[in-house]
Amino acid sequence: MPRPDSHPTEYAERVLDIVERIPPGRVMSYGDIAELLGEGGPRQVGTVMSVWGGGVPWWRVLRADGTPAPGLEVRARSHYAAEGTPLRPSGRVDMAVARWEGPDPSDPV
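Residues numbered from 1 in each chain as written. Predicted model: local features only at pLDDT ≥ 70, side-chain atom pairs only at ≥ 80, totals over all residues. Heavy atoms only, no water.

Undergrad: Can you break down the packing of helix H1 (residues 10-21) against helix H2 (residues 30-37) residue by residue, with the values?
TA: At a minimum axis distance of 10 Å, the contact between H1 and H2 shows a crossing angle of 115 degrees. The hand of the H1/H2 crossing is right-handed. Residues Tyr-11, Arg-14, Val-15, Ile-18 and Val-19 of H1 form the contact with H2, whose own contacting residues are Ile-33, Ala-34, Leu-36 and Leu-37. The class makeup of the residues in the contact of H1 with H2 is eight nonpolar, no polar and one charged. (Axes fitted to C-alpha atoms, helices over the stretch in contact; angles between N-to-C directions. Helix = DSSP H or I, 4+ residues; strand = E, 2+ residues; numbered from the N terminus. Left-handed = near helix turned anticlockwise from the far one by under 90°. Contact = heavy atoms within 4.5 Å. Nonpolar A, V, L, I, M, F, W, Y, C, P; charged D, E, K, R; others polar.)

As structure tokens, then:
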């Protein structure tokens, strides 16, 4: 795993750029981001987020089941409340409602 004090790779920069574009109240899964980029997979996106994601709206990137990374649930919930992110009765993000499909196809990724 890369060190947090190292410079992000080109792939990491692309992941972080997508995360910065996710609108408030909307979310993407780790796999959604990998699919949008056409490179890597959920684990690679998760690694980028764990190493360099602190400076971007990390709470908008979730597991496919609508849960944030372990240990970040309480902090994420406060962001969801502030942004009006749709939640299911279980407290998970309602992925069917909140999922962002990505930037407009005319915008370069």
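Undergrad: I'd love a proper account of the packing of aromatic side chains, names of residues and values included.
TA: Any two aromatic rings considered together are summarised by their centre-to-centre distance and by the angle between their planes. Applying the stated criterion across every chain yields a total of one aromatic pair. Centre to centre, the rings of Trp-58 and Trp-59 are 5.5 Å apart; their planes meet at 85 degrees, and the pair counts as edge-to-face. Residue class for Trp-58 comes out buried when judged on its relative accessible area of 12%. (Phe/Tyr/Trp six-rings, centres within 6.5 Å; stacked < 30°, edge-to-face > 60°. Buried < 20%, exposed > 50% of the residue type's maximum accessible area, 1.4 Å probe, protein only.)

Undergrad: Any chance you could break down the nonpolar core for me, citing the residues and the numbers?
TA: The biggest cluster of nonpolar side chains holds 29 residues, and the ones touching the most others in it are Val-15, Ile-33, Val-45 and Met-49. If we ignore the near neighbours within four places in the chain, the residues touching Val-15 are Ile-33, Leu-37, Val-45, Val-48 and Met-49. (Core = buried A, V, L, I, M, F, W, Y, C linked by side-chain atoms within 4.5 Å.)

Undergrad: Could you give an account of the side chain of Asp-32, with specific residues and numbers?
TA: Assignment of secondary structure puts Asp-32 in helix H2. You can call Asp-32 buried: its relative accessible area is 17%. When sequence neighbours within four positions are dropped, the list of residues in contact with Asp-32 reads Met-95 and Arg-99.

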